[in-house]
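Structural features, examined
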Amino acid sequence: MTVPETTAAVGETSGAEALRPHAEDAFADELKALAAADDRPRPARWRLSPWAVATYLQGGTLPDGTVITPKYVGPRRLIEVAVTTLATDRALLLLGVPGTAKTWVSEHLAAAVSGDSTLLVQGTAGTPEEAVRYGWNYAQLLAHGPSRDALVPSPLMRAMSEGMTARVEELTRIPADVQDSLITILSEKTLPIPELGQEVQAVRGFNVIATANDRDRGVNELSSALRRRFNTVVLPLPATPDAEVDIVSRRVDQIGRSLDLPAAPEGLAEIRRVVTVFRELRDGVTTDGRTKLKSPSGTLSTAEAISVVTNGLALAAHFGDGILRPADVAAGILGAVVRDPAADRVVWQEYLETVVRERDGWKDFYRACREVSV
């Protein structure tokens, strides 16, 4: 039996082969070009100046003609406030409803500021205190007792020691007692290690970006003491249909390239249709303001629209002629809208019969939705 040769050891993946490269790898050329053109003052241990970080997030053209693609389409002032916060001793909390690019913005901010977006604590109901503070290598601990060699640093501890940016995702999903372990880190910039009678002091350049979901209020709501340690930036849903179509188109194009899906220039009409459906059901009114609608239980976020279109593009590529059509997105929309089989199905059926059926140019979409809704 012949074993195929591999170019990397188990657990190692080259940037070109990664299904979803880290931001600092996927946009390495842009970050390098920005660093070369950036002659503005940089805070301690920052890879770029605040101006260059904001340009990386919002896009622009450098003097040498290099085009920096926008990573976040939205108010520039929000990004400027977020970047400025990271240049101070205040931590940053990105707040918003699901699908407003909180994680995306946090990753790209960390990549631009520190060149490393991987110092990450993923918040869940089961996140232990060790994920925020430190843990122990129990083999070392049993053999030699408590020592720095036996200590396993958390991502935050590493960020403090190296002057980097750490990320905490879904902060309000972390149990309250674990959340509170952040207070000393954020206020005193110190992490005590009582077992060793030592402490880790943050060096210049350290900061924290946390994200939290507006819909999670009351799950593990932040204490006032912890909330005071953050500057909060609320990321809104896209303000206009055109802005949302632009966001969906860009992300679908990026994801499609990573999955070797064909480009879908003819699919813009279907992307606009998906965005229209999501916005109308989300807002509870048609775009012309004439018809009030019931909203389903789901969020129908921009991220979900991206998922629906990407899945539709895959259907078109593998089971169609490569052109995105109504039948390719119909099933995805149904799955996104109908989360509660009883209540949401009624909302969807009413929308189909009162809006979609009567709309000019939507006959094929209506038929495709009817077929998958039966």
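Residues numbered from 1 in each chain as written. Predicted model: local features only at pLDDT ≥ 70, side-chain atom pairs only at ≥ 80, totals over all residues. Heavy atoms only, no water.

Turning our eyes to something else, we now look at the overall build of the protein. Per the secondary structure count, the protein includes 16 helices and 11 strands. On the principal axes, the C-alpha backbone points of the protein span a range of 70 × 60 × 50 Å. Looking at the protein as a whole, 45% of its 374 residues qualify as buried. Sequence separation of 24 or more characterises 70% of the internal contacts of the protein that already satisfy a separation of 6 or more. (Helix = DSSP H or I, 4+ residues; strand = E, 2+ residues; numbered from the N terminus. Buried < 20%, exposed > 50% of the residue type's maximum accessible area, 1.4 Å probe, protein only. Contact = heavy atoms within 4.5 Å.)

A few words now on the side chain of Arg282. Take Arg282: it is sitting in helix H12 (residues 268-283). Reaching out from Arg282, the side chain makes a polar contact with the side chain of Glu244 at a distance of 3.0 Å. For Arg282, the side chain forms a polar contact with the main-chain oxygen of Leu300, separated by 2.7 Å. Look past the residues within four positions of Arg282 in its chain and what remains in contact with it is Leu237, Glu244, Ser295, Thr299, Leu300, Ser301 and Thr302. (Polar contact = N/O pair within 3.5 Å; in protein donor to acceptor, adjacent residues only side chain to side chain.)

The next subject is the sheet that holds strand E7 (residues 165-169). The sheet built from five strands is open, its strands ordered E4-E7-E10-E3-E11 with parallel pairing. Of all strands in the sheet, those bounded by a partner on one side alone are strand E4 (120-122) and strand E11 (230-234). Taken pair by pair, the neighbouring strands of this sheet meet at an average axis angle of 20°, ignoring direction. The strands touched by helix H4 (residues 76-86) are strand E3 (91-96), strand E10 (207-213) and E11; relative to E11, the strand with the most contacts, the crossing angle is about 165°. Relative to E7, helix H7 (residues 155-162) is tilted by about 160°, and along the sheet it contacts E4, E7 and E10. (Pairing = 2+ DSSP bridges. Axes fitted to C-alpha atoms, helices over the stretch in contact; angles between N-to-C directions.)

Interhelical geometry of H4 versus helix H5 (residues 102-114) gives an angle of 50° and a closest axis separation of 12 Å. Classified by the angle between their axes, H4 and H5 sit oblique to one another. The handedness of the crossing between H4 and H5 comes out as right-handed. Contact residues: Ile79, Ala82, Val83 and Leu86 in H4; Val105, Leu109 and Val113 in H5. In terms of residue class, the contact of H4 with H5 is built from seven nonpolar, no polar and no charged. (Parallel < 35°, antiparallel > 145°, perpendicular 65-115°, else oblique. Left-handed = near helix turned anticlockwise from the far one by under 90°. Nonpolar A, V, L, I, M, F, W, Y, C, P; charged D, E, K, R; others polar.)

Between two aromatic rings, the relevant description is the distance of the centres plus the angle of the planes. One pass over the full model with this rule turns up four aromatic pairs. Here Trp362 and Phe365 contribute two aromatic rings whose centre-to-centre distance is 5.5 Å and whose plane-to-plane angle is 85°, an arrangement assigned as edge-to-face. Each of the two residues, Trp362 as well as Phe365, counts as buried. One cation-aromatic arrangement involves Lys71 over Tyr56; the distance from NZ or CZ to the ring centre is 4.1 Å. (Phe/Tyr/Trp six-rings, centres within 6.5 Å; stacked < 30°, edge-to-face > 60°. Lys NZ or Arg CZ within 6 Å of the ring centre and 35° of its normal.)

A separate point is the pattern of salt bridges. Using the criterion set out here, one finds 21 salt bridges in the structure. Of the charged contacts in the structure, one is a salt bridge between Lys294 and Glu350, with a shortest N-O distance of 3.5 Å. Taken as a pair, Lys294 in the loop between H12 and helix H13 (302-319) and Glu350 in helix H15 (residues 343-356) lie far apart in primary sequence, 56 residues in all. Exposure remark for Lys294: the relative accessible area of 49% places this residue in the partly exposed category. A relative accessible area of 35% means that Glu350 is categorised as partly exposed. The closest approach of N and O atoms between Arg367 and Asp364, which form a salt bridge, is 2.4 Å. In this pair, Arg367 and Asp364 are both assigned in helix H16 (residues 363-373), three residues apart and thus about one turn of the helix distant. (Salt bridge = Lys/Arg side-chain N within 4 Å of Asp/Glu carboxyl O.)

This part takes up the nonpolar core. Formed by 36 residues in total, the largest nonpolar core has its most connected members in Val277, Phe278, Ile333, Trp348 and Tyr351. Secondary structure elements with two or more residues in this core: helix H11 (241-258), H12, H13, helix H14 (326-337), H15 and H16. When sequence neighbours within four positions are dropped, the list of residues in contact with Tyr351 reads Thr276, Val277, Glu280, Leu281, Leu293, Val356, Arg359 and Trp362. Listed in part, the 35 residues of the second largest apolar core include Trp136, Ala159, Leu186 and Val200. (Core = buried A, V, L, I, M, F, W, Y, C linked by side-chain atoms within 4.5 Å.)

In this section: the confidence of the model for the protein. Averaged over all residues, the pLDDT of the protein is 91; the fraction at 70 or higher stands at 93%. Per-element confidence in the protein is highest for helix H3 (residues 50-58), whose mean pLDDT is 98, and lowest for H11, whose mean pLDDT is 89. (pLDDT = per-residue confidence, 0-100.)

Those residues of helix H2 (residues 28-37) that sit buried are Glu30, Leu31, Ala33 and Leu34. On an axial view of H2, the arc spanned by its buried residues comes to 165°, and they lie on one face. Turned more than 90 degrees away from the buried face of H2 sit Asp29, Lys32 and Ala36, all of them exposed. Buried residues in H2 make contact with helix H1 (23-26), H3, strand E2 (67-68) and H5. (Arc of directions from axis to C-beta.)

With that settled, the discussion passes to the pairing of E3. Remember that side chains alternate between the two faces of the sheet whenever the strand is regular. Of all six residues that make up E3, six are buried, and the element is covered over most of its length. Judged by which residues are buried, E3 turns out to be covered on both faces: Ala91, Leu93 and Leu95 on one side and Leu92, Leu94 and Gly96 on the other are all buried. Of the pairings in the sheet, the one linking E3 to E11 comprises five bridges and is parallel in character. Its bridge partner lying in E11, Ala91 is registered against Phe230.

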